[in-house]
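Each chain is listed here by its residues.
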Amino acid sequence: MTPSHRHLFLPRTPGPRVVEFPCPSCGRPMDAGFLVAESYISGVKWMQEKTKLALGGDPIQKPDAWGNVYIAGLRCTGCRLVTVRY
Ligand SMILES: [Zn+2]
C-alpha cells in the first residue's frame, strides 16, 4: 500500500497496522489493498444495469499507462466482500 493511499483506510497515529473499518457483515478486521482491473480504454465505471458493449456508466477510475486500474479498498475473505473507495 502506497503512502498516498494509507490515509484512506488506516489511522494516522503510529502503531500496529490496524484497519479502522471492520467488515460490515461479520465485524472482523478487513484487509486493506487494491481492487485491480485491466482496461485500456475507459477504466472502471459504475452501472446500475448491464448495457450492450458496456457503453455508458459513471467513470470511477481511469487506467494507468499500462492499462491497469487500481482502486483502494478493503476485503473480508470470510464473507467474500470487497468495499472500495473512489
Ligand atoms: Zn466479513
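Everything in this summary refers to the structure shown in the same document.

Next up on the list: the pairing of strand 4 (residues 68-76). Looking along a regular strand, one sees side chains alternate from face to face of the sheet. One ladder, built from eight bridges, connects strand 1 (residues 31-38) with strand 4; its direction is antiparallel. Residue pairing across strands places Phe34 opposite Ala72, the latter belonging to strand 4. Linking strand 4 back to strand 5 (residues 81-84) in an antiparallel pair, the connection comprises four residues, with Arg80 at a positive phi of about 55°.

Taken in spatial order, the three strands line up as 1-4-5 in an open sheet, and their pairing is antiparallel. With one partner strand each, in any of the chains shown, strand 1 and strand 5 form the two edges of the open sheet. With direction set aside, neighbouring strand axes in the sheet form an average angle of 45°. Sheet topology places strand 4 next to strand 5; four bridges connect them, and they run antiparallel. Considered in strand 5, the bridge of Gly73 is made with Val84.

Before going further, it helps to spend a moment on the environment of Val84. Within the secondary structure layout, Val84 lies in strand 5. Distance from Val84 to Gly73, taken between C-alpha atoms, is 4.0 Å for residues 11 residues apart in sequence. Residues in contact with Val84, not counting those within four places in the same chain, are Leu35, Ile71, Ala72 and Gly73.

What counts and what doesn't
- Residues numbered from 1 in each chain as written.
- Predicted model: local features only at pLDDT ≥ 70, side-chain atom pairs only at ≥ 80, totals over all residues.
- Pairing = 2+ DSSP bridges.
- Helix = DSSP H or I, 4+ residues; strand = E, 2+ residues; numbered from the N terminus.
- Axes fitted to C-alpha atoms, helices over the stretch in contact; angles between N-to-C directions.
- Contact = placed C-beta atoms within 7 Å.

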